[in-house]
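Now for the letters of each chain:
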Amino acid sequence: MRQDYPEPSMMNALTLAFLALQKKLSQLPNLETRRFMLGKIFCHLSSTFPLFDAKDYTLWFGERLRLFLSSLDAQNLGFIPSDTSCNSLAAMVGTFTDHHVNNTFENPGDIASFIKRVLRFQLQNSGSACSQGISTDREWLIAFFGPFSASCSYSDFAELKSNFRGEDSLDLFSASSLAQLSTRSRVLYSRQALARVYEAIQEKEDPLQYLAAYLDEFNNIALKNPGLLSNPRVQYAMLLHVAEIIFDRIDSISSEDTAAWFQKLHLLLPGINGTILELLPRSMPCPYYQIVVKALNEVYAKLSTKTRQEVYGFQKAYLEAQFADSGLACDGGTTGIRSWLRDNLGDFCTMAKLSELQAFYPRLDGVSFSTQCG
């Protein structure tokens, strides 16, 4: 939430700006002074903006206002007319992009909204949102959105550019936009296209945070469109890509985070199989393993007999390894036979043989096995 500050005097603001220029700073460090100066300057320029061309915007945003540019907001940008030309918009975005290299904009969403306002005007009045002469989607995004493409949705781009596809621009999208693109049939049902989506995720500065936001948006869309994941191959392909990013990191995150990840994977877990289960580290502690069991148990009814057998095979191998290493097969935290079966096997114990389980859980008797797993 934007915080209000006492308004500095013009003399103080100019002094701070002069000092910043002397130190060759790329922006004025004082937040309230940046906001104050922009407000005053844009107010004075309001009657002049309609006369600006691309060179004027480059001069003002690239040089004269660079100390204050990080604090641009909707109120400032509201003074710039919607009928701004494509060349002028490209000039502005170019200066914003250059400034973004070493500085962070306070209100990227406001700048994205301004860009969309100008492009919508162009679309309504010329039939093109500045896409004439542009050969690729990537070229259009870089020229007219710059770093602010990450503050837009995929539907924004598709609305403005009717033939927009975006497969050449995956690294420019927000997690939400990338998830929206992933639901398009040309991506969802293409092994190669889906692989490129996850390659883009892995190349992010913080792939786990980005992936979490991506899955949140994808799940929201999938819940509203139940048929989206009706194809088992799609579930498998998506789950495999996510597992390749997440599963080998489970040892290094908390159990709470592990549970949160498997909750995000709930819609994809019916695509599980032995290949994906092999990606889970056998070194994960029992509480983590039990989180996995609980998550898989929640989709038990959606799994084929073959898949249930593969899940049980993974469980058996894990528990055998635990027993061989410590003499206990994840007994800690369980309160008896029923609790142990529920936490460590779930409904998959129906795939087991009594003798197999007794090999690493000797307490199990035939009556309890028949009652719980029969």
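A short tour of the structure in this document, coming up. Small disclaimer: the values here were computed from a predicted structure and weren't measured. (Residues numbered from 1 in each chain as written. Predicted model: local features only at pLDDT ≥ 70, side-chain atom pairs only at ≥ 80, totals over all residues. Heavy atoms only, no water.)

**Topic: the overall build of the protein**
Here is step 1 of the chain: Each helix and strand in the protein was counted, giving 20 helices and 0 strands.
Here is step 2 of the chain: Rg of the C-alpha trace for the protein: 28 Å, well past the compact-globule value of 21 Å for 374 residues, more than 25% over.
Here is step 3 of the chain: With respect to the principal axes defined by its C-alpha atoms, the protein has extents near 90 × 45 × 25 Å.
Here is step 4 of the chain: Here the protein, with 374 residues, has 48% of them falling under the buried criterion.
Here is step 5 of the chain: In the protein, the share of contacts with a sequence separation of at least 24, taken over all contacts with a separation of at least 6, comes to 71%.
Here is step 6 of the chain: In the form shown here, the protein has an accessible surface area of approximately 18,200 Å², with 51% of it arising from carbon and sulfur atoms. (Helix = DSSP H or I, 4+ residues; strand = E, 2+ residues; numbered from the N terminus. Rg over C-alpha atoms; globule rule 2.2 N^0.38 Å. Buried < 20%, exposed > 50% of the residue type's maximum accessible area, 1.4 Å probe, protein only. Contact = heavy atoms within 4.5 Å. Areas by Shrake-Rupley, 256 points an atom, 1.4 Å probe, with all protein chains shown as cover.)

**Concerning the pattern of salt bridges**
Here is step 1 of the chain: Counted according to the given criterion, the structure contains 14 salt bridges.
Here is step 2 of the chain: Between E167 and R186 there is a salt bridge, with the nearest N and O atoms lying 2.6 Å from each other. Pair noted here: E167 is in the loop between α8 (154-160) and α9 (175-182) and R186 is in helix α10 (residues 185-188), with a separation of 19 residues, a long-range link.
Here is step 3 of the chain: The class of R186 is partly exposed, set by a relative accessible area of 26%. (Salt bridge = Lys/Arg side-chain N within 4 Å of Asp/Glu carboxyl O.)

**Observations regarding the environment of S182**
Here is step 1 of the chain: Looking at where S182 falls in the secondary structure, it is placed in helix α9.
Here is step 2 of the chain: S182 sits in the buried class, given a relative accessible area of 0%.
Here is step 3 of the chain: Sequence spacing of S182 and Y214 is 32 residues, and the spatial spacing of their C-alpha atoms is 9.6 Å.
Here is step 4 of the chain: The residues contacting S182, other than those within four sequence positions of it, are V187, L188, V197, Y214 and F218.
Here is step 5 of the chain: A polar contact is formed between the side chain of S182 and the side chain of Y214, at a distance of 2.7 Å. (Polar contact = N/O pair within 3.5 Å; in protein donor to acceptor, adjacent residues only side chain to side chain.)

**A look at the packing of helix α5 (residues 86-100) against helix α7 (residues 137-144)**
Two measures define how a pair of helices packs: the angle their axes make with one another and the distance between the axes.
Here is step 1 of the chain: Taken N-terminus to C-terminus, the directions of α5 and α7 make an angle of 75°; their axes are 7 Å apart at the nearest point. Put simply, α5 runs roughly perpendicular to α7. Of α7, the residues touching α5 (which contributes C86, L89, A90 and V93) are I142, A143 and F144.
Here is step 2 of the chain: Split by residue class, the contact of α5 with α7 holds 7 nonpolar, no polar and no charged. (Axes fitted to C-alpha atoms, helices over the stretch in contact; angles between N-to-C directions. Parallel < 35°, antiparallel > 145°, perpendicular 65-115°, else oblique. Nonpolar A, V, L, I, M, F, W, Y, C, P; charged D, E, K, R; others polar.)

**Here's the deal with unusual backbone geometry**
Here is step 1 of the chain: Its identity is not glycine, yet C130 carries a phi of approximately 60°, on the positive side.
Here is step 2 of the chain: Mapped onto the secondary structure, C130 falls in the loop between α6 (108-126) and α7.
Here is step 3 of the chain: Overall, the relative accessible area of 5% leaves C130 in the buried class.
Here is step 4 of the chain: Unusually for a residue other than glycine, C330 sits at a positive phi of about 60°.
Here is step 5 of the chain: Position of C330 relative to the elements: it lies in the loop between α17 (305-326) and α18 (337-344).
Here is step 6 of the chain: Exposure remark for C330: the relative accessible area of 3% places this residue in the buried category.

**Here's the deal with the packing of aromatic side chains**
Here is step 1 of the chain: Within the structure shown, the criterion is met by 28 aromatic pairs.
Here is step 2 of the chain: Here the aromatic rings of F247 and F262 are separated by 5.6 Å at their centres, their planes lie at 20°, and the arrangement is stacked. You can see F247 sitting in the loop between α13 (232-246) and α14 (255-264) and its partner F262 sitting in helix α14, a full 15 residues away along the chain.
Here is step 3 of the chain: A residue is classified by how much of its surface remains accessible, and F262, at 5% relative accessible area, is buried.
Here is step 4 of the chain: Grouping aromatic residues by their ring pairs yields a cluster made of F42, F49, F52, Y57, W60, F61, F96, F105 and F148.
Here is step 5 of the chain: Above the plane of the ring of W60 lies R64, whose end atom (NZ or CZ) is 4.8 Å from the centre.
Here is step 6 of the chain: The ring of Y300 carries the charged tip of R308 above its face, separated from the ring centre by 4.0 Å. (Phe/Tyr/Trp six-rings, centres within 6.5 Å; stacked < 30°, edge-to-face > 60°. Lys NZ or Arg CZ within 6 Å of the ring centre and 35° of its normal.)

**Brief notes about the side chain of Q322**
Here is step 1 of the chain: Considering the arrangement of structural elements, one finds Q322 in helix α17.
Here is step 2 of the chain: Residue class for Q322 comes out buried when judged on its relative accessible area of 18%.
Here is step 3 of the chain: Ignoring anything within four residues of it in the chain, the contact list for Q322 reads R282, M284, C286, G327, L328, A329 and C330.

**A look at α5**
Here is step 1 of the chain: Under the 1.5 Å per step criterion, the end-to-end length of α5 is 21 Å for 15 residues, consistent within 8% with the ideal 21 Å.
Here is step 2 of the chain: Every buried residue of α5 is accounted for by S88, L89, A91, M92, V93, T95, F96 and H99.
Here is step 3 of the chain: Residues of α5 that are buried sit in contact with α3 (54-64), α6 and α7. (Expected span 1.5 Å × (residues − 1).)

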